[in-house]
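So the chains spell out like this:
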Amino acid sequence: FYFILILFENMSSEILPLFWSLASLDKSERIKSCEELMRLLHVSQEGLEPEETQSSDLSYTVKRLVKGVCSSREGARQGFSLALTELLINFPFITLQEIFDKIMEVTEVKRGVKGQEERDLYFGRIFAIISMKRSNRFKEITGTPLFVSIISQLQELTPKKAYLHEIGYDVMMDIIYDTPESELSSLSSQLQSYAIENFQPTSPDTVAFSIVIEKKFGVNFGSNQKSLLHGSNIASWSNSYVTKTVQSQPQLHSSWAHILKVLRDSSLGQFKDTWKNVINKLLVNTSKEKQYEALSVT
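Residues numbered from 1 in each chain as written. Predicted model: local features only at pLDDT ≥ 70, side-chain atom pairs only at ≥ 80, totals over all residues. Heavy atoms only, no water.

### So, the pattern of salt bridges
According to the stated counting rule, one finds 8 salt bridges in the structure shown. A salt bridge links glutamate 140 to arginine 137, with the shortest nitrogen-to-oxygen separation between them at 2.8 Å. Glutamate 140 sits in the partly exposed class, given a relative accessible area of 46%. Note that arginine 264 is salt-bridged to aspartate 265, the shortest N-O span being 3.3 Å. What makes arginine 264 exposed here is its relative accessible area of 58%. (Salt bridge = Lys/Arg side-chain N within 4 Å of Asp/Glu carboxyl O. Buried < 20%, exposed > 50% of the residue type's maximum accessible area, 1.4 Å probe, protein only.)

Next up, the structure:
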């Protein structure tokens, strides 16, 4: 308790209230608080002694943000993850390894932890990884043990709970697609096995993940050693895929973005096959709900 008092005494009195407003339900207030927090942290860094690397304000903020992404209070998760992203951009001497180690420590699910508390810890871990990705600093760690650990963590977390499925796959696909294939070589076998073992036509996330892995590594998971996006294989998953993604309305299911990204970089024939057999056949010429889905996709 005495240590905490000393820490607070050394901190700027302007910083502490910002952690409250970072959790606001008002997006503009969260952004404004984040900008002000970064400004004050830069000011705090200017007054350091030569032998110091981090001000007490910055050290405390790192700990507070890592804990904050685990909070389900109002807009806390969004606000604290935004601030963590900005902190990593503004202070590059804070390493991704440091943040990963802290988040793994804070989000450890101990025996007896269940329900909402368990949910908050799992989401906190994923949101911290999202912040790390959005800082555009993954190029520092691709091909390293830390990069492998992050992917492995996402693979472990994603199937744990139904509520982690979409966000877990979404983050994995973002990371994988944006990473050069040459820097994924050590994970090639692991990722392909994960795609094959978890593929389910009734799961939009596993369908999109398999399509991303096909594209990234030049492999084919469909029948007759052809792609899942080949005209002869689309029917094996498309009906179930569309039925499930429509249930996400009014939001567009996140898996669509990844499939469209693959189509953008695919051959014209593959694009036409998919558009004809999925968009036109299963969405445009059917129910109003599916027509709405088609409009959202296009």
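### Focus on helix 8 (residues 145-157)
Taking 1.5 Å per residue, 13 residues should reach 18 Å; helix 8 reaches 18 Å between its end C-alpha atoms and fits that length. Looking at helix 8, one finds that the buried residues are Leu146, Phe147, Ile150, Ile151, Gln153, Leu154, Gln155 and Leu157. On its buried face, helix 8 sits against helix 6 (96-106), helix 7 (115-134), helix 9 (162-177) and helix 10 (188-198). (Helix = DSSP H or I, 4+ residues; strand = E, 2+ residues; numbered from the N terminus. Expected span 1.5 Å × (residues − 1). Contact = heavy atoms within 4.5 Å.)

### What about the side chain of aspartate 205?
Here aspartate 205 shows up in helix 11 (residues 204-217). There is no salt bridge for the buried aspartate 205, and the closest opposite charge comes from lysine 244, which lies 9.7 Å off by N-O distance. Residues contacting aspartate 205, with those up to four places away along its chain left out, are His165, Glu166, Tyr169, Met173, His253, Ser254 and Ser255. (Lys, Arg positive; Asp, Glu negative; His and termini not counted.)

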